[in-house]
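For reference, the chains in residue letters:
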Amino acid sequence: MADTLTGPVPEVPDAIPEFPMPRAARCPFDPPPALRDLQERAPLTKVRLRDGSEPWLVTRYADQRAILGDPRVSADTDSPGYPSKAGPEGGEGKLSFIMMDDPEHARLRRMVTAPFAVKRVEALRPAVQRIVDDLIDGLLAGPAPVDLVEEFALPVPSLVICELLGVPYDDHAFFQDHTRTMVHRDATPEQRGRAAREVAGYLSALIGRRIADPRDDLLSGIAARVTAGEIDHGQATEMALLLLIAGHETTANMIALGTLALLRHPDQLALLRESGDPGLVTSAVEELLRYLHITHLGRRRAVTEDIEIGGRLLRAGEGVIMVNEVANRDPEVFPDPDRLDITRDARRHVAFGFGVHQCLGQPLARMELQVVYGTLYRRIPTLRLAGSPDDVRFKHDAFIYGVHSLPVTW
């Protein structure tokens, strides 16, 4: 363990626990009890990963914010001590600028910031509303029950990102089919890899077309950076693919998981469905983001200079894992944190991170969820599970937590 500094030092576990920790079977929305226990008595402690490394695990909200805002920690996967997400057999690559440090991180991020500004995103709201309404029309016109994941939760972000990137409408089917394969649990690694290569090839060709014939879309903005010599064509394709992946499965899982959480809290669902207040919809989105945080492998960093956090000395070359799902349940910040309360002011959650690396696409994600949560239950007021809640299978083994399917009827 690290050296003791001034102030009280939390009691540490007798043995270094393994991470990730198994989730509790009793409630699929709550963090594992072991994480809650650590948050109480050892909020900053060492854990052991499958590769034998022993990074720090940070479970307290205040400590996570302090680390994420400190320039002495690195998001670069090549930094000494960076905790791998993979086991001894696995590898781990970089996802463009999100796994870089400033100044290169800031330089590349600025190239795609403008389309995600709040005003630009709000201008997309009518198009997103149209996408959501069209998909609901399709649900109502067809047979029930349906799998809400396949028929609604996945298509919404796929079609929205097409709108943002500037993918021609005639190519939406190709785009949607291939992105589904990229995230489908039953697809083989070869099928997912082939789908990713085909989407990357498509995006590369479309960027080439936007270089020759720019339009008012995100890909044209990226293409302009190629023309200006700021990035090469390969980097532009990687950037476009990152924006596609980062904004697809996360939002899809939040749509399905949020729907399930509301169905299991009928008082909250009724409040949301029957209120005509847009402010309550906004509040519900923030509370669901807090309550359901869907990345359970933690935000990972490497310490580049010695820093003091929470009465502990973190040394250069040590890894750090910040588990947001338990930080968003920190009772020092969110009273009665295990209660879903859509009237709560949950805007301080760390679902999108904090500091220079906080999620670039959060305005778009928020707006999509506001449209979905504000429309789906109002237009299908009798929406309910088609079967027992015990039959819903959760993605306990996936990087992005959610449900494999969600059979619903009305």
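The model shown is predicted, which means the values in this text are computed figures rather than measured ones.

Visitor: Let's hear about the pattern of salt bridges: which residues, and what values?
Guide: The final tally for this structure, using the stated rule, is 25 salt bridges. A salt bridge links E287 to R344; the shortest N-O distance between them is 3.2 Å. Taken together, the positions of E287 in helix α13 (residues 278-291) and R344 in the loop between α14 (324-327) and α15 (362-379) put the pair 57 residues apart, joining distant regions of the chain. No difference in accessibility class separates E287 from R344, as the two residues are buried. As a salt-bridge pair, R347 and D345 come within 2.9 Å of each other at their nearest N and O atoms. Several salt bridges converge on common partners, so that one network encompasses D30, R36, R329 and D338.

Visitor: Would you mind going over the environment of E151 in detail, with residue names and values included?
Guide: Note on placement: E151 falls in helix α5 (residues 148-153). Contacts of E151, omitting those with residues within four sequence positions, involve L135, L139 and V146.

Visitor: Any chance you could break down the sheet that holds strand β3 (residues 73-74) for me, citing the residues and the numbers?
Guide: Overall, mixed pairing links the five strands, which are arranged β1-β2-β8-β5-β3 in an open sheet. Each end of this open sheet is capped by a strand with a single partner; those strands are β1 (44-46) and β3. In this structure, strand β2 (residues 56-58) lies alongside strand β8 (residues 319-322), joined through three bridges in parallel fashion. Bridge pairing in β8 places V58 opposite M322. Helix α2 (residues 61-68) contacts β1, β2, β3, β5 (299-303) and β8 of the sheet and is inclined by roughly 130° relative to β8.

Visitor: Please provide a residue-by-residue account of the pairing of β8, values included.
Guide: Burial of the side chains of β8 extends over both faces: G319 and I321 are buried on one face and V320 and M322 on the other. Pairing between β5 and β8: four bridges, direction antiparallel. The partner of R299 across the bridge, within β8, is M322.

Visitor: Please give an account of the sheet that holds strand β9 (residues 384-385) that cites residues and values.
Guide: A sheet is described by the order of its strands in space; here three strands give the open sequence β4-β10-β9, paired in antiparallel fashion. The sheet terminates laterally at β4 (146-147) and β9, the two strands that pair on one side only. Bridge count for β9 against strand β10 (residues 407-409) is two bridges, and the pairing is antiparallel. Residue R384 lies in a different strand from β10, and its bridge partner there is T409.

Visitor: Please set out unusual backbone geometry residue by residue, giving values where relevant.
Guide: Residue P103 is bonded to the preceding D102 through a cis peptide linkage, with omega at 10°. Relative to the helices and strands, P103 resides in the loop between β3 and α3 (104-110). Each neighbour pair has its own omega, and for A144 with P145 the value is 10°, a cis peptide bond. Relative to the elements of secondary structure, P145 occurs in the loop between α4 (118-141) and β4.

Visitor: Tell me what's going on with the pairing of β5, and back it up with residues and numbers.
Guide: β5 sits mainly inside the fold: five of its five residues count as buried. Neither face of β5 is exposed, since R299, R301 and V303 on one face and R300 and A302 on the opposite face are all buried. Summarising the sheet, β3 and β5 pair through two bridges and their orientation is antiparallel. Counted as the bridge partner of S74 is A302 from β5.

Visitor: Explain the environment of R36 residue by residue, including any values.
Guide: With respect to the helices and strands, the residue R36 is situated in helix α1 (residues 33-41). Taking the C-alpha atoms as reference points, R36 and R300, 264 residues apart in sequence, are found 19 Å from one another. Discounting chain neighbours no more than four positions away, the residues touching R36 are P31, V326, R329, P337 and D338.

Visitor: Please give an account of the packing of aromatic side chains that cites residues and values.
Guide: Evaluation of the coordinates by the stated rule reveals six aromatic pairs. Relative to F334, the ring of Y61 lies with its centre 6.0 Å away and its plane at 90°, an arrangement referred to as edge-to-face. In this pair, Y61 sits in helix α2 while F334 sits in the loop between α14 and α15, placing the two residues 273 residues apart along the sequence. For the pair shown, Y61 and F334 are each scored as buried. Ring centres of F394 and Y401 lie 6.0 Å apart, and the angle between their planes is 15°; this geometry places the pair in the stacked category. According to the relative accessible area criterion, F394 is buried, its value standing at 11%. Each residue in the set F29, Y291, F394 and Y401 is aromatic and connected to the rest through ring pairs, giving one cluster. Across the ring face of F354, the terminal group of R65 is positioned such that the distance to the ring centre comes to 3.9 Å.

Thresholds applied
- Residues numbered from 1 in each chain as written.
- Predicted model: local features only at pLDDT ≥ 70, side-chain atom pairs only at ≥ 80, totals over all residues.
- Heavy atoms only, no water.
- Salt bridge = Lys/Arg side-chain N within 4 Å of Asp/Glu carboxyl O.
- Helix = DSSP H or I, 4+ residues; strand = E, 2+ residues; numbered from the N terminus.
- Buried < 20%, exposed > 50% of the residue type's maximum accessible area, 1.4 Å probe, protein only.
- Contact = heavy atoms within 4.5 Å.
- Pairing = 2+ DSSP bridges.
- Axes fitted to C-alpha atoms, helices over the stretch in contact; angles between N-to-C directions.
- Phe/Tyr/Trp six-rings, centres within 6.5 Å; stacked < 30°, edge-to-face > 60°.
- Lys NZ or Arg CZ within 6 Å of the ring centre and 35° of its normal.

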